[in-house]
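Report on the structure
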Amino acid sequence: MQSQELVYRALYDFNLTQLSIVAALEDMAALVEKVAYLSPEVVDSLKRHLETVGRNCDRSCDSMYSLVNVKATSD
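Conventions used here
All residue numbers refer to position in the chain's written sequence, counted from 1. Local features in this predicted model are restricted to residues of pLDDT 70 or higher, and side-chain atom pairs are both shown and tallied only at a pLDDT of 80 or more, whereas totals for entire chains, interfaces and linings draw on every residue. Neither water nor hydrogens contribute to the side-chain values; these are computed over all heavy atoms in the structure. Numbering of helices and strands runs from the N terminus, with a helix taken as a DSSP run of H or I at least four residues long and a strand as a DSSP run of E at least two residues long. How far a helix is expected to stretch is found by multiplying one less than its residue total by 1.5 Å. Summary of the burial criterion: residues with accessible area below 20% of their type's maximum are buried, those above 50% are exposed, and those between are partly exposed, where the area comes from a 1.4 Å probe applied to protein chains only. A pairing counts as a salt bridge when a side-chain nitrogen of Lys or Arg comes within 4 Å of a carboxyl oxygen of Asp or Glu.

**Some details on helix α1 (residues 3-34)**
A rise of 1.5 Å per residue sets the reference length of α1, with its 32 residues, at 46 Å; its end C-alpha atoms lie 47 Å apart and thus fit the reference within 8%. Of the positions making up α1, those classed as buried are L11, Q18, V22, L25, A29 and V32.

Structure below.
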């Protein structure tokens, strides 16, 4: 397998991992809302933290694809 194919396969796997993480975060946010003993402030705080992790996952994925595109255009 060529190096470029390996890179694209790794990016594909990375993307699947990121999507799984985001889906799990969404599930966690839904569960946090259902925990009866948490105050609304705590629920909001936890949801904000989960959203931040989700955004960081998206940024990581975008960065990885950008690096590959930069390398491809420089070749």
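Structure's up, so let's keep going.
**Notes on the pattern of salt bridges**
Taken as a whole, this structure holds two salt bridges when the rule is applied. Between R9 and D13 there is a salt bridge; the shortest N-O distance is 3.4 Å. With R9 and D13 both in helix α1 and four residues apart, this pair spans about one turn of that helix. Of the residues examined, D13 reaches a relative accessible area of 33% and is grouped as partly exposed. K47 is the partner of E33 in a salt bridge, and the nearest nitrogen-oxygen pair spans 2.4 Å. Of the two residues, E33 is situated in helix α1 and K47 in helix α2 (residues 40-74); the sequence distance between them amounts to 14 residues.

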